[in-house]
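Given next are the chains, with one letter for each unit.
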Amino acid sequence: MTMLQQPPIVTENKAMTTTDARSFPPEFLFGAATAAYQIEGAAHEDGRTDSIWDAFSRVPGAVLGAENGDVACDHYHRYRDDVAMMKDLGLQTYRFSTSWSRVQPDGGPVNPKGIDFYSRLVDELLGAGIKPWLTLYHWDLPQALEEKGGWANRDTAALFRDYALNVHDALGDRVGVWTTLNEPWCSSFLSYTGGVHAPGRQSPRDGVAAAHHLLLGHGLTIEALRDRDPKLELGITLNLTVAKPADPTRAGDVDAARRIDGQFNRVFLDPIFRGSYPEDVLQDVAQFGLTDFIQAGDLAQISQPIDTLGVNYYHGELVSDRPAEHPLLAQAPTSRPTRSAFPAADGVFNHPQGLPLTAMEWEVQPDGLRELLVHVNTEYAAPAGTSLYVTENGAAFDDVVAADGSVPDPRRTEFLKAHLGAVLDAIDEGVGVKGYFYWSLMDNYEWAWGYDKRFGIVRVDYETQKRTVKDSGLAYAEIIRDRALS
Ligand code: NCW
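Residues numbered from 1 in each chain as written. Predicted model: local features only at pLDDT ≥ 70, side-chain atom pairs only at ≥ 80, totals over all residues. Heavy atoms only, no water.

**Looking at helix H4 (residues 75–89)**
Then comes step 1: Over its 15 residues, H4 runs only 17 Å from end to end, short of the ideal 21 Å by more than 12%, given 1.5 Å per residue.
Then comes step 2: Aspartate 81 marks where H4 bends most, by close to 40°.
Then comes step 3: Within H4, burial applies to His75, Tyr76, Tyr79, Asp82, Val83, Met85, Met86 and Leu89.
Then comes step 4: Looking one or two residues beyond H4, the residue adopting positive phi is glycine 90, at roughly 85°. (Helix = DSSP H or I, 4+ residues; strand = E, 2+ residues; numbered from the N terminus. Expected span 1.5 Å × (residues − 1). Bend = angle between axes of the 7 residues up to and from the residue. Buried < 20%, exposed > 50% of the residue type's maximum accessible area, 1.4 Å probe, protein only.)

**Observations regarding the site of the ligand**
Then comes step 1: With respect to spatial proximity, 15 residues lie near the ligand, and among them Gln38, His138, Tyr314, Glu392 and Glu446 are the closest.
Then comes step 2: One of the side-chain N or O atoms of glutamine 38 is found 2.8 Å from an oxygen atom in the ligand.
Then comes step 3: In this structure, histidine 138 approaches the ligand through a side-chain N or O atom, which is 2.8 Å from an oxygen atom.
Then comes step 4: Burial of the ligand by the surrounding chains reaches 93%, relative to a free accessible area of 540 Å².
Then comes step 5: Residues belonging to the shell around the ligand are distributed by class as follows: 8 nonpolar, 3 polar and 4 charged. (Near = heavy atom within 4 Å. Polar contact = N/O pair within 3.5 Å; in protein donor to acceptor, adjacent residues only side chain to side chain. Areas by Shrake-Rupley, 256 points an atom, 1.4 Å probe, with all protein chains shown as cover. Nonpolar A, V, L, I, M, F, W, Y, C, P; charged D, E, K, R; others polar.)

**What to know about the UniProt feature "binding site: substrate" (unreviewed entry) in the protein chain**
Then comes step 1: Summarizing the sequence annotation, UniProt attributes the feature "binding site: substrate" (unreviewed entry) to Gln38, His138, Asn182, Tyr314, Trp439, Glu446 and Trp447 in the numbering used throughout.
Then comes step 2: Secondary-structure assignment places glutamine 38 in helix H2 (residues 36–39).
Then comes step 3: Classification of glutamine 38 by relative accessible area gives buried; the value is 0%.
Then comes step 4: Setting aside chain neighbours within four positions, we find glutamine 38 in contact with Ala72, Cys73, His138, Trp439, Asn444, Tyr445, Glu446 and Trp447.
Then comes step 5: Its place among the elements puts tryptophan 447 in the loop between strand E12 (433–439) and strand E13 (458–461).
Then comes step 6: Residues contacting tryptophan 447, with those up to four places away along its chain left out, are Tyr37, Gln38, Trp53, Val63, His138, Trp139 and His197. (UniProt positions renumbered as here; feature names shortened; annotations may be inferred. Contact = heavy atoms within 4.5 Å.)

**Focus: the side chain of histidine 168**
Then comes step 1: Relative to the assigned elements, histidine 168 resides in helix H8 (residues 155–171).
Then comes step 2: In this view, histidine 168 contacts Trp178, Leu225, Arg228, Asp229 and Leu232; residues no more than four positions away in its chain are not counted.

Structural data, given as C-alpha cells:
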C-alpha cells in the first residue's frame, strides 16, 4: 500500500495558536485508561476461564498474527509497578475494567481469587492517591455465555446486572465511580454485525438485538447499583462521532450523515437520555426487527438517570452516498473496518479529508472533539444534569525507540495537546467537561490488530515487559503538573 505523505497536525484551536498557557479548571481530573483483556494477561490463572476474545483470537484469520491476550502486558503480575508508574506520571485517576471471566469463570459463581486481584489493585491505587474509575464491561463476555446466545440473548442483560452486584459487593466500599459499558456500539454492531470483533458474527439482526440487550443490561445495573448506594457516581461510556455530509448541499450526503449519526450516536444516546429510540433509526433498521426485542418497560429501565457520560472520541467523518472523488482516494487506506458494521448504512462512503492519519488510519480532527462535547452537552447531558468526561482519546503511531532508549513520539504529543486544547475550547464555550483520560496508559493488545498498534504514553517491550515512558508521557506529566497547556 502506498503511504500517504503525513501533513503536520494543524488545528484551528487556541492551544496551537497562542503562546499563553491555558489552565484547566481546579476540579478537572487527568487520567489514563486501559481495559482488562488488553493488559492483564494471566488468562488461564487463578480460575479465569475464556472470554469471547480468548475464543475469537483462536479463529484463523480473526486477529492479525493470531495474537491473543494470554500474556499481554502481564499487568496481573505487575500491577504494583504499574500503579507506581501512574503515580510518577501524576495521574489523578485511572480507568480500568474488570474481567467478567475472572470474577465469575464461565459466568458462574464468584471466584474469590479473581475478585481479589481487583481488590488489591484498588488498594494500590488508593494508596498512591489515584482515584479508581471502574468499567464493568470492556468487551470480554464469558465465552460460556456467548454459547448461550451472547448479547443477542436477552438473559445476558440480567446476568450482567448480577455480575455488577458481585463486583460491587467486593469493591463498593472503595470505588466511587462506576461505568456500566464501554462503547456498546463496538460490542454490538462491530461484533455481531460487522464480525470484526468477538464473537465475530455477521448478522444485522443479532447486532440490533445485542445493542438493545446491552442497553437493557446498562439500565438494570444502574438501578441495582443506585439501590445499593445512592452516593455512587454511575454512568456509561459511548464512542461517538461527528458525522458531516461531504457536500452539505446534496440531499444524499445529508442523509448519509443522518444515518451514521443515527446508528452510531443517537441509537444509544436517545434511549439513555430520552427513553426512546429515534424514529428515523427505527425506520432504517426496521427490517432487522429492533422492535421485536423491545418489551414493555425496557425504555424506562434504560433511561435511568446517570451521573456521568463518558465520551470516547477518536475522529469524525465526512460521509456521502457516492464514493469519494478526492485525489487522495486512489492512495487511501482500504483496511479500515467497513460500513457493513452498520445494519442499515449500505452505500455510505467515507470521504478522506487529506488530514494526518494515525497508525489506525484514523484522521486527526481535534476540533471534532470540541464540536462533539458542545453538541452532546446541549442536546443530552446538560438537560439531564449529567457530567461529561472524555473517557478515551488517543492515537496509535509506529513508535521507534531511540539509541538512548527513549521513545520520541512527537505526533502523539501533538495529538494529545491538540485534543486537550479542544477540551479547553469546549469548556470556554460553557461545557462543564470534568476530566480527560488518555487512551492508553501503555501499549497493549489492540483487539483485531493484535500487538501491532501502539496507543500508549508508555512503551511496552513485549519480549521483556519493560515499560518506558514515551516523550508524550513526559509531556502529559508536565501538563498535569502545571494543570495547563502551554
Ligand atoms: S478499537 C477502538 N478503540 C481502541 C481500543 O483499544 C479500546 O479498547 C476502545 O475503547 C481505542 O479506543 C477504543 N474502538 C473501535 C472504534 C471502531 C470504529 C470503527 C468505525 C467503523 C465504521
